[in-house]
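# Descriptive structure summary
Each chain, letter by letter, is given below.
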Amino acid sequence: MTRQIALLRGINVGGNRRVGMADLRALMVELGYADARTHLQSGNVVFTASEVPEATADRIEARLKADMGLDVSVLVRTRDDFAAIVARNPLCECAVNPSRHLVVFLSAGADPAVIRGIDAARFEPERFSAHGREIYVWLPEGVQRAQLTHAFWEKQLGVVATARNWNTVERLLALADE
């Protein structure tokens, strides 16, 4: 049994693809997962499961489709994955506002050639650092004004991506540790 964290992509944004957190917790219990706790309204759920994260993601996606009619991508990481993400933070020296510091979670590692092809200097003072299935991003002017994220969103990376700010990343790890 491992603590896992599911990140639902694009729910409860602008009134679209509504998923109540009580409904999400109930769905997790129906799937047989223990200790389900949600954080915020943006599709973050911490729980205990006996299967690998990829299987968990597939099961959650299937139930969201079957029960709610929602085609939602779900990315799952273990508690240990989250601990490593927090410990690794390559932007900790410059990312001084956690609401403007993001982790973009990917369904698979980004193609290194695509990452190398992004001219980071063109987006300064915004910064990024890719590590495996995560991209750390610093957006000092805020998410609304960001230009960098457009350079590597899904169409160019070719993978499912969902982002969480640093406050949320740290809170999800804390929930997994409770």
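Only a predicted model underlies this, so the values are computations on that prediction, with no experimental measurement involved. (Residues numbered from 1 in each chain as written. Predicted model: local features only at pLDDT ≥ 70, side-chain atom pairs only at ≥ 80, totals over all residues. Heavy atoms only, no water.)

### Comments concerning the overall build of the chain
- Within the chain, the regular secondary structure consists of seven helices and eight strands.
- The globule rule puts the C-alpha radius of gyration for 178 residues at 16 Å, and the 16 Å found for the chain is close to it.
- The C-alpha extent of the chain, read off along each of the three principal axes, is 50 × 30 × 30 Å.
- When the 178 residues of the chain are sorted by exposure, 46% land in the buried category.
- By sequence separation, contacts in the chain at least 24 residues apart represent 70% of the contacts at least 6 residues apart.
- Accessible surface, the chain: about 8,700 Å² in total, of which carbon and sulfur atoms supply 48%. (Helix = DSSP H or I, 4+ residues; strand = E, 2+ residues; numbered from the N terminus. Rg over C-alpha atoms; globule rule 2.2 N^0.38 Å. Buried < 20%, exposed > 50% of the residue type's maximum accessible area, 1.4 Å probe, protein only. Contact = heavy atoms within 4.5 Å. Areas by Shrake-Rupley, 256 points an atom, 1.4 Å probe, with all protein chains shown as cover.)

### As for the packing of helix α3 (residues 79-88) against helix α7 (residues 166-177)
- Between α3 and α7, the shortest axis-to-axis distance is 10 Å and the interhelical angle comes to 140°. Judged on the interaxial angle alone, α7 and α3 are oblique. In this structure, the crossing between α3 and α7 has a hand that is left-handed. Packed against α3, whose contacting residues are R79, F82, A83, I85 and V86, the element α7 presents W166, V169, L172, L173, A176 and D177 at the interface.
- Along the lines of polarity and charge, the residues of the contact of α3 with α7 split into nine nonpolar, no polar and two charged. (Axes fitted to C-alpha atoms, helices over the stretch in contact; angles between N-to-C directions. Parallel < 35°, antiparallel > 145°, perpendicular 65-115°, else oblique. Left-handed = near helix turned anticlockwise from the far one by under 90°. Nonpolar A, V, L, I, M, F, W, Y, C, P; charged D, E, K, R; others polar.)

### Re unusual backbone geometry
- Residue P125 is bonded to the preceding E124 through a cis peptide linkage, with omega at 15°.
- Tracing the backbone shows P125 in the loop between α4 (112-116) and β6 (127-131).
- Even without a glycine there, the phi angle at D35 is positive, about 55°.
- By relative accessible area, D35 is classed as exposed at 53%.

### Quick look at the sheet that holds strand β4 (residues 74-78)
- Taken together, the four strands give an open sheet; going across it, the order is β2-β3-β1-β4, and neighbouring strands pair in antiparallel fashion. Here the strands that pair on one side only, and so sit at the sheet edges, are β2 (34-39) and β4. Taking each pair of neighbouring strands and ignoring which way they run, the sheet shows an average axis angle of 25°.
- Two strands pair when backbone bridges link them, and β2 and strand β3 (residues 44-49) are joined in this way by four bridges, in the antiparallel orientation. Across the sheet, T38 pairs through a bridge with V45, a residue of β3.
- Those strands touched by helix α2 (residues 53-68) are β1 (2-8), β3 and β4, and its axis lies near 150° from that of β4. (Pairing = 2+ DSSP bridges.)

### A few points about the sheet that holds β6
- The sheet built from four strands is open, its strands ordered β6-β7-β5-β8 with antiparallel pairing. The sheet is open, and its two borders are formed by β6 and β8 (161-165), each paired with just one other strand. When strand polarity is set aside, the average angle formed by the axes of neighbouring strands in this sheet is 20°.
- Here five bridges tie strand β5 (residues 101-106) to strand β7 (residues 134-138), and the two strands are oriented antiparallel to one another. Bridged to F105 within β7 is E134.
- In the packing of α7 onto the sheet, contacts are made with β5, β7 and β8, and the angle to β8 comes to roughly 90°.

### Topic: the packing of aromatic side chains
- Using the criterion set out here, one finds three aromatic pairs in the structure.
- Between the aromatic rings of Y33 and F47, the centroid separation amounts to 5.0 Å while the plane-to-plane angle is 40°, which identifies the pairing as tilted. Taken together, the positions of Y33 in the loop between α1 (21-30) and β2 and F47 in strand β3 put the pair 14 residues apart, joining distant regions of the chain.
- By relative accessible area, which is 5% here, Y33 ends up buried.
- Judged by its relative accessible area of 0%, F47 is buried. (Phe/Tyr/Trp six-rings, centres within 6.5 Å; stacked < 30°, edge-to-face > 60°.)

All quantities given are derived from atomic positions and should not be read as evidence of function.
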